[in-house]
Amino acid sequence: MAHHIIQYGTEGTESTVEQRLLNDFQHDFPLSPTPFADMAETLGITEDEVLELLKCKQDEGVISRVGAVFKPNRVGASTLAAMAVEDEKLQQVAEQVSAFESINHNYQREHRFNLWFVITAPDKSALENEIKAIESKTGYTILNLPMVADYHIDLGFDIKWT
Amino acid sequence: MPIDAIDRQIIEATQSGLPLVEQPYVEVAQQIGISEAEVMQRICAMQEKDIIRRIGVVPNHYALGYKANGMTVWDVPDEHIAELGKKIGTLEFVSHCYQRPRFLPEWPYNLFAMVHAGTKEEAMQQVDVIAELLGDMNRQHDVLFSTKILKKTGLRLKSK
């Protein structure tokens, strides 16, 4: 996927430009005062078209944003947390967890530990407090799995066109 | 401290994305009350300090047809985890690869790798590739597929 080859020419120029817009600028986003004009020049379309396409893809949810991807734990403190919740209580507990502002990812997964979420806080002690607050709100113990080491080499995530 | 109060303000102003306007850094600068040049300089510095991993279009892989998103978890010897983790972390279908603590007896896994595929079958093939790479170093493993996204936002920083 990291070096996925885009199929050109089958669906006309427009889809090709769209694909390039989403694929080629995951890493090589120009850090210039006018990044979208620079992208437009590379793609051979107008700046307005670039902005329009990005807004549209953002609204559709195809891209989550145009911006920075932060390294975990470089800004503030965070941890991966899991809970084992009975099926009949899962929905309610998931809602209680999601209601915390410190939660930015919350997934249901197929496992005895079936609720997985990321907690972020300004610093370590605030994170500890947040863990305690979530435990006391939900009545469930949190399996606290902070990152010890990061082994990923980020090549971006190439877009698969189906 | 890796970042100061102004860096923090820049992060807060841009964490849901850069404004989609002709001169996005001007808009961010105005919000914070510093110059456009300073905003850009600080973003560059945060990239150099490896606080920002990358800047660009951030795709939502779930919306792009990667419906099978598996958290693969592995129990490998601690003394070999760094070399093993680096091997797994460079696989093209792995988006995150971390060491995390074990909690025995209920949680024996110390290596986490997120895999993404169109179908569960494809994802399980990716799991096989990882298992083969780890060989005897893999004492046990599991794959946890997400069945529901209950909440997903970018990094959220609250002002202190």
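Treat the numbers as computed from the prediction; the structure is a model and nothing was measured.

A.B. asks: Looking at this structure, I do not really get the side chain of R109 of chain A. What am I missing?
C.D. replies: Among the secondary structure elements, R109 of chain A is positioned in strand β3 (residues 103-109). Among buried Asp, Glu, Lys and Arg side chains, R109 of chain A stands out as unpaired, with E110 of chain A the closest opposite charge at 8.5 Å. Within the structure, R109 of chain A has its side chain in polar contact with the backbone oxygen of L144 of chain B (distance 3.0 Å). In contact with R109 of chain A, other than residues within four places in its own chain, are N114 and W116 of chain A together with N69, M71, M114, L144, F145, S146 and T147 of chain B.

A.B. asks: Looking at this structure, I do not really get the interface of chain A and chain B. What am I missing?
C.D. replies: It is common to give the size of an interface as the accessible area lost on bringing the parts into contact. At the junction of the two partners, chain A supplies 74 residues and chain B supplies 81 residues. Counting each side, the surface lost to burial between chain A and chain B is near 7400 Å², with a carbon and sulfur contribution of 60%. Inspection of the chain A/chain B interface yields three salt bridges. Close ionic contact of E106 of chain B with R112 of chain A constitutes a salt bridge, the shortest N to O distance being 3.1 Å. Taken together, chain A and chain B are joined by 20 residue pairs in polar contact (both at pLDDT 80 or more). It is strand β1 (residues 63-70) of chain A that provides the largest number of residues to the side of chain A that touches chain B, a total of eight residues. As defined by bridge partners, strand β6 (residues 149-150) of chain A adjoins strand β3 (residues 94-99) of chain B across two bridges and the pair is classed as antiparallel. From the neighbouring strand, A149 of chain A faces β3 of chain B, where its bridge partner is Q99 of chain B.

Definitions and cut-offs
- Residues numbered from 1 in each chain as written.
- Chains lettered and ligands numbered in written order.
- Predicted model: local features only at pLDDT ≥ 70, side-chain atom pairs only at ≥ 80, totals over all residues.
- Heavy atoms only, no water.
- Helix = DSSP H or I, 4+ residues; strand = E, 2+ residues; numbered from the N terminus.
- Buried < 20%, exposed > 50% of the residue type's maximum accessible area, 1.4 Å probe, protein only.
- Lys, Arg positive; Asp, Glu negative; His and termini not counted.
- Salt bridge = Lys/Arg side-chain N within 4 Å of Asp/Glu carboxyl O.
- Polar contact = N/O pair within 3.5 Å; in protein donor to acceptor, adjacent residues only side chain to side chain.
- Contact = heavy atoms within 4.5 Å.
- Buried area = accessible area lost by both parts, 1.4 Å probe.
- Pairing = 2+ DSSP bridges.

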